[in-house]
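The chain contents come next:
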Amino acid sequence: MLRQDFIYPEGIYLDGNSLGLTSHASVQAIGRRLQEWQEQAVNGWESWFGLAETLSPTLADLMGARPEEVIATGSITMNLHALLATFYQPTAQKKHLVATALDFPSDLYALQSWAERHDAELRLIPSRDGYTLNDEDIAAAFQEDVALVLLPTVLYASGQLLDIQKYALLAQQKNIVLGVDAAHSAGSVPHHLHAWGVDFAVWCSYKYLNAGPGAPGGLFVHEKHFDRLPGLRGWWGHQKASTFEMRSYFTPEHGAGAYQISTPSILALAGLEGALEAFRKVGIEEIRARSLELTTHFMKLLDEHTPELRVVTPREVHRRGGHVSVQHPQARLLSLALREKGIVPDFRAPDILRMAPVALYNTEEELQQTVQVLRELLDTRSYMAFEQKSTRVV
Ligand SMILES: Cc1ncc(COP(=O)(O)O)c(C=O)c1O
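Since we're looking at a predicted model, the values are computed, not measured.

## A look at the nonpolar core
Next, step 1: F142, L151, L178, V198, W203, L302 and L360 are the most contacted members of the largest nonpolar core, which has 123 residues in total.
Next, step 2: Per-domain counts for this core show at least three residues from each of domain 1 (24-281) and domain 2 (282-386).
Next, step 3: Discounting residues that sit within four places of it in the chain, F142 has contacts with V149, L151, Y167, L170, A171, K174, I176 and L178.

Put into structure tokens, the structure is as follows:
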């Protein structure tokens, strides 16, 4: 869709669900901010001070929120801690936490630390097949003694998309706080966080949002909670108009901005500033339509040509996100062999090969070539040559 707007590396890049590609706009925005630093030094803060807030209208469109309900800040795990410090208010009758057995580990580590503090259980919604979650199992976890449920929008390994609208309603009926980790849907799938009534959400911007490695993430706080004080406070969340009055007491900025804590990295924020231009050119609905076209095509090719790779991503369009995952006992070696041939997927333990045809820059031809190379690798078993290779990134 906008391939020319990106700096496309050599080969075929199918790992935009882990680290999105550099856009020319990001390079320019970072260059601009760097120049401001060189030329203006501390005076640069005149334009940097409210930089995160200037990104909120575009982020709000992507997340289905009001601009004051979102802010670019922090990272997923840090934001999750900050939001748990605010929203996890256990009582004797209602104190347990719920997540899923298929969550990204960092979310579970964060939740475990809060469960320990309050002598509560962290209950994990089980998976029947090890890759996906069942609707009834999720619903069954919304028990009376649960204070807070955290759900992923899209499961990081299998790519299953959950019906967040349905669980937000259930959470409201049961008086349970619902938080959402939108790492694998932000920039790939439309959201309606406000209309659904989700209490809070976190996401990163280094995946489908293409903002750069370690770029600031984002968070959403529903406006119905704007009367709460953030559980973790810092001067960056103070009412902007009076920050430099240097008061000894905290007055929150209106909305999600109050959840910022520290001085942001302006150069990292500039990566996001530039990256969001693509999402102003092409709306998220259009991106989703193109993404589904690519993933549908890819799954068809995989079914036809490499049946020994079992697609574990749900087939129904309303149940899958932006990447396609296949299961194979030698998925790790296949991932290494593909990389050696100039095709970049990724591997998730124990046996998942994950590939994301990104709507903004991947093409059908690349998917055809990938499946052809996979077929050759499976026929020749040449991937076995990588058995002894140890790498951190596979
Ligand atoms: C679903 C999910 N949650 C959480 C994280 C952790 O993110 P961070 O390092 O920004 O805290 C990741 C990282 O890839 C992720 O994929």
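## Here we look at the site of the ligand
Next, step 1: Close contacts around the ligand come from S75, I76, T77, F104, D107, D181, A183, H184, Y206 and K207, and that covers them all.
Next, step 2: A distance of 3.2 Å is found between an oxygen atom of the ligand and a backbone nitrogen or oxygen belonging to I76.
Next, step 3: One nitrogen or oxygen atom from the side chain of D107 is found 3.5 Å from a nitrogen atom belonging to the ligand.
Next, step 4: Against a free-state accessible area of 400 Å², the protein chains account for coverage of 83% of the ligand.

## Here's the deal with the domain arrangement of the protein
Next, step 1: We note that the domain assignment places domain 1 (24-281) and domain 2 (282-386) within the protein.
Next, step 2: Each of domain 1 and domain 2 was reduced to a C-alpha centroid, and the two centroids are 28 Å apart.
Next, step 3: Listed as interface residues are 24 residues of domain 1 and, on the opposing side, 26 residues of domain 2.
Next, step 4: For the pair domain 1 and domain 2, the summed buried area comes to about 2,000 Å², and 57% of that belongs to carbon and sulfur atoms.
Next, step 5: Where domain 1 touches domain 2, the interface holds zero salt bridges.
Next, step 6: Between domain 1 and domain 2 we count ten residue pairs in polar contact (both at pLDDT 80 or more) in total.
Next, step 7: Broken down by secondary-structure element, the contributors of at least two residues to the side of domain 1 that touches domain 2 are α4 (56-63) and α10 (266-281).

Cut-offs used in this document
Residues numbered from 1 in each chain as written. Predicted model: local features only at pLDDT ≥ 70, side-chain atom pairs only at ≥ 80, totals over all residues. Heavy atoms only, no water. Core = buried A, V, L, I, M, F, W, Y, C linked by side-chain atoms within 4.5 Å. Buried < 20%, exposed > 50% of the residue type's maximum accessible area, 1.4 Å probe, protein only. Domains from an automatic or database assignment. Contact = heavy atoms within 4.5 Å. Near = heavy atom within 4 Å. Polar contact = N/O pair within 3.5 Å; in protein donor to acceptor, adjacent residues only side chain to side chain. Areas by Shrake-Rupley, 256 points an atom, 1.4 Å probe, with all protein chains shown as cover. Buried area = accessible area lost by both parts, 1.4 Å probe. Salt bridge = Lys/Arg side-chain N within 4 Å of Asp/Glu carboxyl O. Helix = DSSP H or I, 4+ residues; strand = E, 2+ residues; numbered from the N terminus.

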